[in-house]
Amino acid sequence: MDKVQDNRAWFLIIPVFLIVAFSAVVPLMTVVNYSVQEIFGPGQTFFVGTEWFEAVLKDERLHDALVRQIIYSLAVLAIEIPLGILIALGMPGGRSAKTSLTLVLLALPLLIPFNVVGTIWQIFGRGDIGLLGATFRAIGIDYNYTNNSAHAWVTVLVMDVWHWTSLVALLCYAGLQSIPPAFYQAAKIDGASKWAVFRYIQLPKMRGVLIIAVLLRFMDSFMIYTEPFVLTGGGPGNSTTFLSQYLTQMAVGQFDIGKAAAFSIVYFLIVLLFSFIFYTIITRTGEGEKK
Amino acid sequence: MATIQFDNLGHSYHPHPSKPEDYALRRLSQEWEDGKAYALLGPSGCGKSTLLNIISGLLVPSEGRVLFDGLDVTRCTPEERNIAQVFQFPVIYDTMTVYENLAFPLRNRKVPAADVDRRVRQVAEALDLTADLKKRAQRLTPDAKQKISMGRGLVRSDVAAILFDEPLTVIDPHTKWILRRKLRQIHEEYRLTMIYVTHDQVEALTFADKVAVMYEGAMVQLGTPQELFENPEHTFVGYFIGSPGINLMPCTLGNDHALVDGIAIPLPDRAMSSAGGRVGGKFELGIRPEFLELTRSGNAGAIPVQVTGVDDLGTSKLATVRLNSHTLKVRLSEEQEIPALDAAIRFPTRWTKLYRDSHLVG
């Protein structure tokens, strides 16, 4: 900092700083501001300190939603990651019409707007006119996602798998395609089994894309809102009410701005914490001994 | 260890090859001896990697057969043929240690742990990897990684042959030289059949007992380094081996000599007898710069030339001379004087070669 010229560099980051401030920092600070106040209306606010945070941490319904959310996100990861890897392994390689067709088919669910996905499954699952619901009914299973919480839960999960497994598969496919053919030839010559090829070549080479896949799927599923909202509206009861939906009910439904703000911050910290944990675990495994 | 035979072997990547140019590897019948070191030498795209992959079993040839010790293995996998191969770029298993990498081919074949340990340590010792055995392979330098790849090839004591596909491309020149010596030593010690693909003539000539020179999909000569140098059977061999390559001049045939622009150059008897008819085909006269003699005109058999340049290469000199429209290179010793005005060259009959349509006549 001896030279004055050095400080001129700061001017260059001002535009970025302003954009980030208006798009992220200011809204976040507004939420922080709300979270420590009781708000009755415009101008009728007073400071309550950490009261809202205490209320949020003690909220039974929130605990239930959080547990439900964690189970849901873990289930999403446990199904979508292995399934995505399997699909990627089974996809045709090279530049053929078959490859293009597979890629297009896989990309389709990703292109559908979230609320449309919810609507598709809402109709698909209906017992009277939906293909899925009617089929279940025809083979004698009393499937009804509107009044059976287990059915509702599984339907939301399957919908997510349908919607997002492609993303994992496409990411893994990209990772697999980047492996030079010499690796497979060498493995053949070394007499490696199919499992060994997967374990020692494909999986290590996919690590980078898997980190991204796990983080994206975790963060997205942890913040899921639109699809279950359209499909089940969080019911029956609260069985498919996840964190973001509970938050919306609190903020928009009950107009509990202060509590909702405190909840938002806790929510944000949870996502941040989990993402950090996943990132650390995945980047460390396979790294082995640290220098 | 195995004798490798090619029986009418050929390969084309086209589904219905019709012209000779459609073939990546043209018809070839040959026998390669057990326990020898061979090099496949040629420019990129000459078919050497195609031939290597056919030998290793990664590629099934479209025509002909490959036999190991008389057994047809054309359709066998590399594993069934018991081949080891080292690739151009290091292939290592990132998540394993150096030791596990070296042990991998043996463990896959259910070799007892004690034998695995003994072989791995032997190979690590030979390749100077002992200190790194416990390290994770991913963290090593490119040369060390390539040593691991080689080690995985060498670790199996029972292989039919070890194939090297330009393995020293990524290695720096000094280490390259050391590794080549190592391979040579290992070859002499264990008498493994080794096949080494390269586009570098020095690498091929220093490594191999026999060098196969490939050009446009055809194997133009298989011989010892000395044979390739002294008696190139194809103009390409003359041009590719040696630096600079052979001097070539189009010529016609006289009674017992070749005529280059009307200048008679004597030819060895065998060239004359095997040339047969004097017409048909394009004749060329070839002689290596090392065998051309620079003298003064007036001496017996000397043909006057004009010296246009001399490069001092430190250990020898290279003179460029003009003979009418032809430019020739002559290699001279450091001490030899270069006549300024009355320079002439002499073609020693023994080393003067006659080619018809690029193939040696005599």
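Residues numbered from 1 in each chain as written. Chains lettered and ligands numbered in written order. Predicted model: local features only at pLDDT ≥ 70, side-chain atom pairs only at ≥ 80, totals over all residues.

Before going further, it helps to examine the UniProt feature "domain: ABC transmembrane type-1" (unreviewed entry) in chain A. Here, the residues flagged by UniProt with the feature "domain: ABC transmembrane type-1" (unreviewed entry) are residues 66-278 of chain A. Split by type, residues 66-278 of chain A is 77% helix and 0% strand. Its first and last C-alpha atoms lie 18 Å apart. (UniProt positions renumbered as here; feature names shortened; annotations may be inferred. Helix = DSSP H or I, 4+ residues; strand = E, 2+ residues; numbered from the N terminus.)

In this section: the domain arrangement of chain A. Residue and element names in this part refer to chain A. In terms of domain boundaries, chain A breaks down into domain 1 (4-47) and domain 2 (59-284). Relative placement of domain 1 and domain 2: their C-alpha centres are 33 Å apart. Contact residues are listed per partner, giving seven residues for domain 1 and six residues for domain 2. Going through the elements one at a time, helix 3 (14-35) and strand 1 (37-41) are the ones with two or more residues in the side of domain 1 that touches domain 2. The element best represented in the side of domain 1 that touches domain 2 is helix 3, accounting for four residues. (Domains from an automatic or database assignment. Contact = placed C-beta atoms within 7 Å.)

With 17 residues of chain A at the interface, the matching set in chain B holds 21 residues. Mapped onto the side of chain A that touches chain B, the elements with two or more residues apiece are helix 10 (181-189) and helix 11 (194-222) of chain A. Among the elements that take part in the side of chain A that touches chain B, helix 10 of chain A stands out by supplying six residues, more than any other. For the side of chain A that touches chain B, the residue count by class is 10 nonpolar, four polar and three charged. (Nonpolar A, V, L, I, M, F, W, Y, C, P; charged D, E, K, R; others polar.)

Another point: the domain arrangement of chain B. Residue and element names in this part refer to chain B. Segmentation of chain B into domains returns domain 1 (4-240) and domain 2 (247-360). Summarising the inter-unit geometry, the C-alpha centres of domain 1 and domain 2 are found 38 Å apart. Opposite the six residues of domain 1 that make contact, domain 2 presents seven residues. By residue class, the composition of the side of domain 1 that touches domain 2 is two nonpolar, three polar and one charged.

Residues given the UniProt feature "domain: ABC transporter" (unreviewed entry) here are residues 4-241 of chain B. Annotated as residues 4-241 of chain B, this span is 37% helix and 24% strand, and its ends, taken at the C-alpha atoms, are 25 Å apart.

Glancing now at the confidence of the model for chain B. Looking at chain B, pLDDT values average 85 and 98% of them are 70 or higher. Both scores are given for the predicted complex: the pTM is 0.74, the ipTM 0.72. (pLDDT = per-residue confidence, 0-100.)

Let's shift gears to the pairing of strand 13 (residues 257-260) of chain B. Residue and element names in this part refer to chain B. Burial along strand 13 is one-sided: the residues Ala-258 and Val-260 are buried and none of His-257 and Leu-259 is. Examined bridge by bridge, strand 12 (residues 252-253) and strand 13 share two bridges and lie antiparallel to one another. Bridge pairing in strand 13 links Leu-253 to Ala-258. Joining the antiparallel neighbours strand 12 and strand 13 is a turn of three residues. The antiparallel pairing of strand 13 with strand 14 (residues 263-266) creates a hairpin that spans two residues between the two strands, and Asp-261 there sits at a positive phi of about 50°. (Buried ≥ 20, exposed ≤ 12 C-beta atoms within 10 Å, placed from the backbone. Pairing = 2+ DSSP bridges.)

Okay, the sheet that holds strand 14 of chain B next. Working definition: the strands of a sheet are paired by backbone hydrogen bonds and lie parallel or antiparallel to each other. Strand order in the open sheet formed by three strands is 12-13-14 (chain B), with antiparallel pairing between adjacent strands. Looking at the sheet topology across the chains shown, the edges are occupied by strand 12 and strand 14 of chain B.

Moving on to the UniProt feature "transmembrane region" (unreviewed entry) in chain A. Per the UniProt record, the feature "transmembrane region" (unreviewed entry) sits at residues 9-32, 70-89, 101-124, 161-187, 208-226 and 260-282 of chain A. Span residues 70-89 of chain A is 100% helix and 0% strand, its end C-alpha atoms 28 Å apart.

Attention shifts here to the sheet that holds strand 2 (residues 23-32) of chain B. All names here are of chain B. Strand order in this open sheet of four strands is 2-1-4-5, and the pairing throughout is antiparallel. Strands at the two margins of the open sheet, each flanked by one partner only, are strand 2 and strand 5 (71-72). With five bridges joining them, strand 1 (residues 4-12) and strand 4 (residues 63-68) adopt antiparallel strand pairing. Bridged to Phe-6 within strand 4 is Val-66. Each of strand 1, strand 2 and strand 4 is contacted by helix 1 (residues 48-56), which is oriented at about 125° to strand 1, the strand it contacts most. (Axes fitted to C-alpha atoms, helices over the stretch in contact; angles between N-to-C directions.)

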